[in-house]
Amino acid sequence: MVNLVVLGTQWGDEGKGKIIDLITPPFDIVARYQGGHNAGHTVYSGGKKIILHLIPSGILHRDKLCLIGNGVVIDPKAFLNELSYLKDFGIEINDNLAISKNAHLILPYHGLVEALDEERRGDNKIGTTCRGIGPAYTDRAARRGIRVGDLLNLSVLEDKIRSNVEEYNIFLDFYGEPSLDPGKVFEEYSNYANQIQKYIKDVSFILNEHIAEGKFVLFEGAQGTLLDVDFGTYPYVTSSNSMVGGVCTGLGVSPDKIDVVLGITKAYTTRVGSGPFPTEIHGGIGAFLQKKGNEFGATTGRPRRCGWFDAFAVAYACRLNGIKHIALTKPDVLDGLEELSVCVGYKYKDQRLKGYPCESWVLSEVEPVYKKVRGWKETLNDSKDFDSFPQEFKDYVHLIEDLVGANVSIVSTGVQRDETVLREDLMRSLIDLDRLKNGGKHT
Ligand code: GDP
Ligand code: IMO
Ligand code: MG
């Protein structure tokens, strides 16, 4: 067994939730390290579709400890709503969940200023989820953020809310927006405090203690590498480090606790929100992928833009994160297409680029270089092992492996847990397959 990071290699929504839920059984802990309720991780469990935003996807497995690290931004209202949403599915959460006291809170002014900022940007808007994520991280960096731990001391909380609301009111007044009443915000948050206090812990300490006892951790990434605030397609990114570096800073663990990174990769490309997308297909097959792949945001319901598989981008993500294993999701959506295109590189001003260009003014002008390959007629979902997949699909997988420099160790062919092909020879080095098949029990 290893401590495993699961993260997205594209612009999010690669199917992380499904794979995390599937491989959770042999792990002891599932821990989120960044993002917030901008994430939407879909899991099908017991015949029901469940979408997780803030709470780790491992929560559906009752015996797992789920941790929310300091790198995550928490909207307490969204958190409490998610608890009651899960309760409706019969999932009770008590001491199997902890939130880091160092995580930052999202407050009502964050969503308000974000909406104004997006409006002000006009055609250049980021297309954010408008959940207040970016402004909450801004406050953290500006050292005026309010932490989850401040919910444990109501007089400190009151002072901080008062001071921040006064500052934000200057901004709101400038834009002709109604001011916020600091007293009301405090009242709302002190009410949340009462309900959340029991989950607030020293998550870094707990995590390191469990690792020292020989427990295994699955680190759950949100968003995807191309949305990383430093290495993604800036400024059309989220405001956290979704790449592997975020694990250490977002949970308080040292790099030697990370053994392997499993990249989740969709067999084509999607993107929600604005920003350059070199392999986007407008209409035609793009519309086909959107419809067949049900490419509508799990958080905002917005249609996802769709395009061909971009091996140049995924190779970049593999290099940045040290990915040697990939879970390839949704290739079933490509069933029946006669011909597929795979982007093998970018040309900019007639020159083939070596490194991935993050500058949006370059990325919006690159010309993708495509390799055309034959599609497959068969339904992938009918195959229960890798060898019995159609030859054209196996060729597609091998081409991807060559181009991105990682093994496709898992192939997902549908939304359900059992619609997955594990290449056991490759997976054996990562997780205890016997324990996986045993539903998490030690053999
Ligand atoms: P995440 O944010 O990475 O967890 O992904 P989302 O849940 O936002 O989006 C992935 C969508 O694809 C969800 O609706 C999943 O149920 C669905 N999905 C995941 N894997 C597969 C697959 O292999 N085939 C198909 N057809 N759908 C899948
Ligand atoms: P999961 O975890 C896809 C996108 C938004 C927007 C940009 C910035 O489900 O893969 P933000 O609200 O974070 O400031 O928005 O990032 N975005 C996502 N796109 N999947 C996600 O999460 C995303 N979380 C944020 O659409 O373009
Ligand atoms: Mg999602």
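Higher on the page you've got the structure.
Residues numbered from 1 in each chain as written. Chains lettered and ligands numbered in written order. Predicted model: local features only at pLDDT ≥ 70, side-chain atom pairs only at ≥ 80, totals over all residues. Heavy atoms only, no water.

1. Looking at the pairing of strand β2 (residues 29-32)
As a reminder of what qualifies: In this scheme, a residue with accessible area under 20% of its type's maximum is buried, one over 50% is exposed, and one in between is partly exposed, where area comes from a 1.4 Å probe on protein chains only. Starting at the N terminus, helices and strands are each numbered in turn, a helix being any DSSP run of H or I of at least four residues and a strand any DSSP run of E of at least two. Here, any two strands with at least 2 DSSP bridges between them count as paired.
Along β2, one buried face is formed by I29 and A31 and the opposite face, lined by V30 and R32, is buried too. Sheet topology places β2 next to strand β10 (residues 217-220); four bridges connect them, and they run parallel. Note that in β10 the partner of A31 across the bridge is F219.

2. A short note on the sheet that holds strand β1 (residues 4-8)
A sheet is described by the order of its strands in space; here 10 strands give the open sequence β9-β7-β5-β2-β10-β1-β11-β15-β19-β20, paired in mixed fashion. Each having just a single partner strand, β9 (200-201) and β20 (420-422) make up the two edges of the open sheet. As defined by bridge partners, strand β11 (residues 260-266) adjoins strand β15 (residues 325-329) across five bridges and the pair is classed as parallel. Bridge pairing links I264 to A327 in β15.

3. Looking at the packing of aromatic side chains
Two aromatic rings, taken as a pair, are described by how far apart their centres are and by the angle between their planes. Definition in use: Aromatic contacts are taken between Phe, Tyr and Trp rings whose centres are within 6.5 Å, Trp giving its six-membered ring; a plane angle under 30 degrees counts as stacked, one over 60 as edge-to-face, and the others as tilted. Charge over a ring is defined by NZ of Lys or CZ of Arg lying within 6 Å of the ring centre and within 35 degrees of the ring normal.
For the structure shown, the criterion picks out 15 aromatic pairs. Here F79 and Y199 contribute two aromatic rings whose centre-to-centre distance is 5.6 Å and whose plane-to-plane angle is 80 degrees, an arrangement assigned as edge-to-face. Of this pair, F79 sits in helix α2 (residues 76-88) while Y199 sits in the loop between α6 (182-196) and β9; the two residues are 120 residues apart in sequence, bridging distant segments of the chain. Note on accessibility: F79 and Y199 belong to one class, buried. Among the aromatic residues, those joined into a cluster by ring pairs are W376, F386, F389, F393 and Y396. Over the face of the ring belonging to F386 we find R423, whose NZ or CZ atom lies 3.9 Å from the ring centre.

4. Digging into the pattern of salt bridges
Basically, it comes down to this: For this document, the term salt bridge refers to a Lys or Arg side-chain nitrogen within 4 Å of an Asp or Glu carboxyl oxygen.
A full pass over the atoms with the stated rule returns 21 salt bridges. Between R144 and D139 there is a salt bridge whose closest N-O contact spans 2.6 Å. Several salt bridges converge on common partners, so that one network encompasses D13, K266, E295, R304 and K330.

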